[in-house]
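Summary of structural features
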Amino acid sequence: MLDEVRRQFELAWALTELHLDALAEDDFLWEPAPLCWTVRRDAAGRWRPDFADVEPDPVPVPTIAWLTWHIDYWWSAALAALQGGPLPAPTEVSWPGDGAAAVARIRGLAEQWRKLLAELTIDRMSEPAPFPWSPADGRTVTDTALWVTVELTKNAAEIGQLRLLRAARS
């Protein structure tokens, strides 16, 4: 089962790289709709995401910058959870300020994830995992590992779709 989990991650990562490689700096902050979530500089100069604990209705369309922040946040939290560290709050993870740095962060997270996957054992895969769900849900490390692959695939597809829409409008 471990080899299958690792292979599925690599498949999702290949899709992600396809889209990350094609991004231009101007793609990141392009706002595709009037109702949009993006990242904005705060008074201290840090880039903060638009965020709500309860998703609004209608859901805002994200920018690519917001999506790269989102990947950074949830992947950092998943790694922390599986390594026994404290989970970062969404407000604790800021966007790095430009597309190249955001992509570098995501690639760094992928390397950390590969290392974690390489060290996993069958016994560890059945242990409880507290992220992205409640510990009361009874989910395991396997559930988290599979969720990371699905979430990465979804976010990569969203980035690709936004990039294509922007290119089609040019």
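Cut-offs applied
- Residues numbered from 1 in each chain as written.
- Predicted model: local features only at pLDDT ≥ 70, side-chain atom pairs only at ≥ 80, totals over all residues.
- Heavy atoms only, no water.
- Helix = DSSP H or I, 4+ residues; strand = E, 2+ residues; numbered from the N terminus.
- Contact = heavy atoms within 4.5 Å.
- Salt bridge = Lys/Arg side-chain N within 4 Å of Asp/Glu carboxyl O.
- Buried < 20%, exposed > 50% of the residue type's maximum accessible area, 1.4 Å probe, protein only.
- Axes fitted to C-alpha atoms, helices over the stretch in contact; angles between N-to-C directions.
- Parallel < 35°, antiparallel > 145°, perpendicular 65-115°, else oblique.
- Nonpolar A, V, L, I, M, F, W, Y, C, P; charged D, E, K, R; others polar.
- Core = buried A, V, L, I, M, F, W, Y, C linked by side-chain atoms within 4.5 Å.
- 1 Å grid on protein atoms, 1.4 Å probe; cavity = no way out; pocket = protein on both sides within 12 Å on 5 of 7 lines; lining within 4 Å.
- Points joined across faces, edges and corners; volume = space filled by probe spheres on them.

An unreviewed UniProt entry lists the protein chain under the name DinB-like domain-containing protein, from Mycolicibacterium vaccae ATCC 25954.

1. A word on the environment of P62
Examined against the element boundaries, P62 turns out to sit in strand β4 (residues 61-62). The residues touching P62, leaving out its near neighbours within four places in the chain, are P32, C36, W37, L67 and L162.

2. Some words on the pattern of salt bridges
What the rule picks out here adds up to 14 salt bridges. Notably, a salt bridge pairs R107 with D21, separated by 2.6 Å at the nearest N-O pair. Here R107, found in helix α4 (residues 99-119), pairs with D21, found in helix α1 (residues 2-22); they are 86 residues apart in sequence, far enough to count as distant. Overall, R107 belongs to the partly exposed group, its relative accessible area being 29%. R139 is the salt-bridge partner of D143, the closest N and O atoms lying 4.0 Å from each other.

3. Regarding the packing of helix α3 (residues 64-82) against helix α6 (residues 141-169)
The geometry of a pair of packed helices is captured by two quantities: the angle between their axes and the separation between those axes. At a minimum axis distance of 10 Å, the contact between α3 and α6 shows a crossing angle of 170°. Between α3 and α6, the angle is such that the two are roughly antiparallel. Along the contact surface, α3 presents I64, L67, T68, H70, I71, W74, W75, A78 and L82, while α6 presents V141, T144, W147, V148, E151, L152, N155, E158, I159, L162 and R163. Its residues assigned to classes, the contact of α3 with α6 comprises 13 nonpolar, 4 polar and 3 charged.

4. Here's the deal with the nonpolar core
Grouped together as the largest cluster of nonpolar side chains are 48 residues, with contacts concentrated most on F9, W13, W74, W75, W95, W113 and F131. Listing elements by their share of this core, those giving two or more residues are α1, α3, α4 and α6. The leading source of residues in this core is α3, at 14 residues. Once residues lying within four places of it in the same chain are set aside, the contact partners of W75 are F9, W13, I106, L109, A110, W113, V148 and L152.

5. What to know about the side chain of T68
Take T68: it is sitting in helix α3. On the basis of relative accessibility, which here comes to 2%, the residue T68 falls in the buried class. If we skip the residues at most four places from it in the chain, T68 touches F28, W95, A102, I106 and I159.

6. Overview of the layout of surface pockets
The calculated volume of the largest pocket comes to roughly 270 Å³. Lining the largest pocket are 16 residues, and of these W37, E55, V59, W66 and H70 lie nearest its centre. Those elements that place two or more of their residues in the lining of the largest pocket are α3 and α6. Here the element with the most residues in the lining of the largest pocket is α3; it accounts for 4 residues. By residue class, the composition of the lining of the largest pocket is 10 nonpolar, 2 polar and 4 charged.

7. Remarks on the packing of α1 against α4
Between α1 and α4, the shortest axis-to-axis distance is 12 Å and the interhelical angle comes to 170°. By the criterion of interaxial angle, the relationship of α1 to α4 is roughly antiparallel. Touching V5, R6, F9, E10, W13, E17, L20 and D21 of α1 are V103, I106, R107, A110, W113, R114, L117 and A118, all from α4.

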